[in-house]
Each structure stands twice: as C-alpha cells, then as structure tokens.
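For reference, the chains in residue letters:
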Amino acid sequence: MDYDTYGSTAVELAIELANTDRGDPGWAHEFLSSHDDWFTPGTPLELSPGETHKAGATADLVRAVALAQTQDDVLTRLNELLALARPRPYATDHDGELHLHYARPDAPVLEQLTTTVAMGLSQVVVQHGWQRLGVCSAESCDDVYVDTSRNASRRYCSNTCASRSTVAAYRARQKA
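Residues numbered from 1 in each chain as written. Predicted model: local features only at pLDDT ≥ 70, side-chain atom pairs only at ≥ 80, totals over all residues. Heavy atoms only, no water.

**Re the overall build of the chain**
Per the secondary structure count, the chain includes six helices and four strands. The helix and strand sequence of the chain, counted from the amino end, reads α-α-α-α-β-β-α-β-β-α. A compact globule built from 176 residues should have a C-alpha radius of gyration of about 16 Å, and the chain, at 17 Å, falls within 12% of that. Put simply, the chain has 176 residues, and 43% of those count as buried. Contacts in the chain between residues at least 24 apart in sequence constitute 54% of all its contacts with a sequence separation of at least 6. (Helix = DSSP H or I, 4+ residues; strand = E, 2+ residues; numbered from the N terminus. Rg over C-alpha atoms; globule rule 2.2 N^0.38 Å. Buried < 20%, exposed > 50% of the residue type's maximum accessible area, 1.4 Å probe, protein only. Contact = heavy atoms within 4.5 Å.)

**Notes on the side chain of Thr92**
Mapped onto the elements, Thr92 comes out in strand 1 (residues 90–92). Once residues lying within four places of it in the same chain are set aside, the contact partners of Thr92 are Glu97, Leu98, His99 and His101.

**Some points on helix 2 (residues 27–34)**
Helical periodicity: at 3.6 residues per turn, an α-helix aligns residues three or four positions apart in one direction. Along helix 2, the positions that sit buried rather than exposed are Trp27, Ala28, Phe31 and Leu32. All buried residues of helix 2 fall inside an arc of 125 degrees around its axis, so they share one side. (Arc of directions from axis to C-beta.)

**Examining the packing of aromatic side chains**
Counting across every chain of the model gives zero aromatic pairs. We note Arg22 situated over the ring of Trp27; from NZ or CZ to the ring centre the distance is 5.9 Å. (Phe/Tyr/Trp six-rings, centres within 6.5 Å; stacked < 30°, edge-to-face > 60°. Lys NZ or Arg CZ within 6 Å of the ring centre and 35° of its normal.)

**A few points about the environment of Arg88**
As for its position among the elements, Arg88 is in the loop between helix 4 (71–84) and strand 1. Here Arg88 falls in the exposed class, since its relative accessible area comes to 56%. Considered as a pair, Arg88 and Arg104 are 16 residues apart in the sequence and their alpha carbons are 5.3 Å apart. If near-sequence neighbours (up to four positions away) are discounted, Arg88 is found in contact with His101, Tyr102, Ala103 and Arg104.

**Here's the deal with the nonpolar core**
If you look at the biggest cluster of nonpolar residues, it comprises 40 residues, and the most contacted ones within it are Leu32, Leu113 and Leu121. Those elements giving two or more residues to this core turn out to be helix 1 (5–19), helix 2, helix 3 (49–67), helix 4, helix 5 (109–128) and strand 4 (144–146). Among the elements that take part in this core, helix 5 stands out by supplying nine residues, more than any other. The contact partners of Leu32, leaving out residues within four places of it in the chain, are Phe39, Leu45, Leu47, Val109 and Leu113. Counting seven residues, the second largest nonpolar core, distinct from the first, contains Cys136, Ala138, Cys141 and Tyr145. (Core = buried A, V, L, I, M, F, W, Y, C linked by side-chain atoms within 4.5 Å.)

**Brief notes about the packing of helix 4 against helix 5**
With their axes 8 Å apart at the nearest point, helix 4 and helix 5 run at an angle of 150 degrees to one another. When the axes of helix 4 and helix 5 are compared, the pair comes out roughly antiparallel. In this structure, helix 4 meets helix 5 at a crossing whose hand is left-handed. Along the contact surface, helix 4 presents Val74, Leu78, Leu81, Leu82 and Leu84, while helix 5 presents Thr114, Ala118, Met119, Leu121, Ser122 and Val125. (Axes fitted to C-alpha atoms, helices over the stretch in contact; angles between N-to-C directions. Parallel < 35°, antiparallel > 145°, perpendicular 65-115°, else oblique. Left-handed = near helix turned anticlockwise from the far one by under 90°.)

Given below as structure tokens:
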C-alpha cells in the first residue's frame with residue numbers, strides 16, 4: 001500500500017499514541033517529548049491533568065477505530081475522533097519538502113496532537129479502507145497497526161509478534 005509521506009507519518013503518530021503505555025502519570029509528557037518534531041517549535045509540551053485525560057481519550061478513540069468490525073462502526077468512531085479535531089491546514093517546507101500540516105502553528109500541543117492524529121487516521125481510512133487498521137492477533141499483544149501489505153493480509157503488529165505466534169503454534173502442534 002502506498003500513501004503519502006506526511007499522511008503516513010501522521011497515522012504512525014496515531015498508532016504510537018494508541019499503543020503508548022499510559023500507566024505512568026507522566027506518560028503524556030514523555031510521549032509528546034519523544035514526538036516533539038510534530039509540534040511547532042517552542043510549543044509547550046506540558047499538559048494539565050485534564051488535558052492528559054483528553055490525550056488518553058484520543059488514544060482510546062484511535063484504538064476504537066482499529067477495533068471496529070464494520071464500516072458503520074468505523075465511521076461512528078472516526079467521526080467522534082474528528083469532532084475533537086480543529087483542522088486549519090497550512091502548507092510548509094520546514095523540513096525541505098512541501099507538505100501540509102493539519103493544525104494551526106500557534107495551537108496548543110493537545111490541539112496539534114488531536115488534529116494531526118484525527119486527520120492522519122481519517123486519510124488512511126478514507127483513501128485505503130477501514131480494513132487497513134487492526135489490532136495484533138498475537139496472544140499477549142493488543143497493539144494497533146496499519147496494514148501496508150499489498151493484499152491487506154497483515155494480522156500482527158510486528159515481525160516479532162508474527163514469529164512468536166508461529167513458534168507457539170508449531171510447539172502446540174508438536175505437543176499434540
């Protein structure tokens with residue numbers, strides 16, 4: 001599957017947000033700091049407890065879109081996510097290549113995050129189909145992924161999970 005570079009990295013941001021471990025109260029700052037290249041330089045990366053909760057709700061909505069089993073469910077959940085977004089696209093060449101940013105440059109970090117995630121995820125769903133989103137089939141994993149395979153046959157979030165599942169199935173067959 002081929003999709004544009006900025007859109008693909010925006011959906012990767014969405015996937016990483018959905019897969020972030022939120023057990024630590026400082027998870028949001030850690031996530032934002034590790035993805036600071038997504039935000040306008042100088043944007044404060046601190047979130048209040050309420051904003052951290054909203055960032056978690058955004059992550060939950062990304063996961064809900066990936067878990068949906070029908071197009072109607074995907075549309076309902078995706079539209080909930082899009083309702084949180086405040087798109088105000090603008091063209092930029094800050095990295096040497098022309099591309100669009102989805103949120104206004106002076107927006108607070110939560111608005112930039114939510115809008116970028118919502119727009120990136122929606123572009124993949126609309127352009128390539130809702131079936132391209134999934135949740136890992138490995139027994140001990142529930143990570144969200146985007147299926148970029150040619151025939152939309154991906155079932156695992158990574159080669160590690162695919163290999164682990166293959167080995168477990170082999171061992172189960174040998175035991176039986």
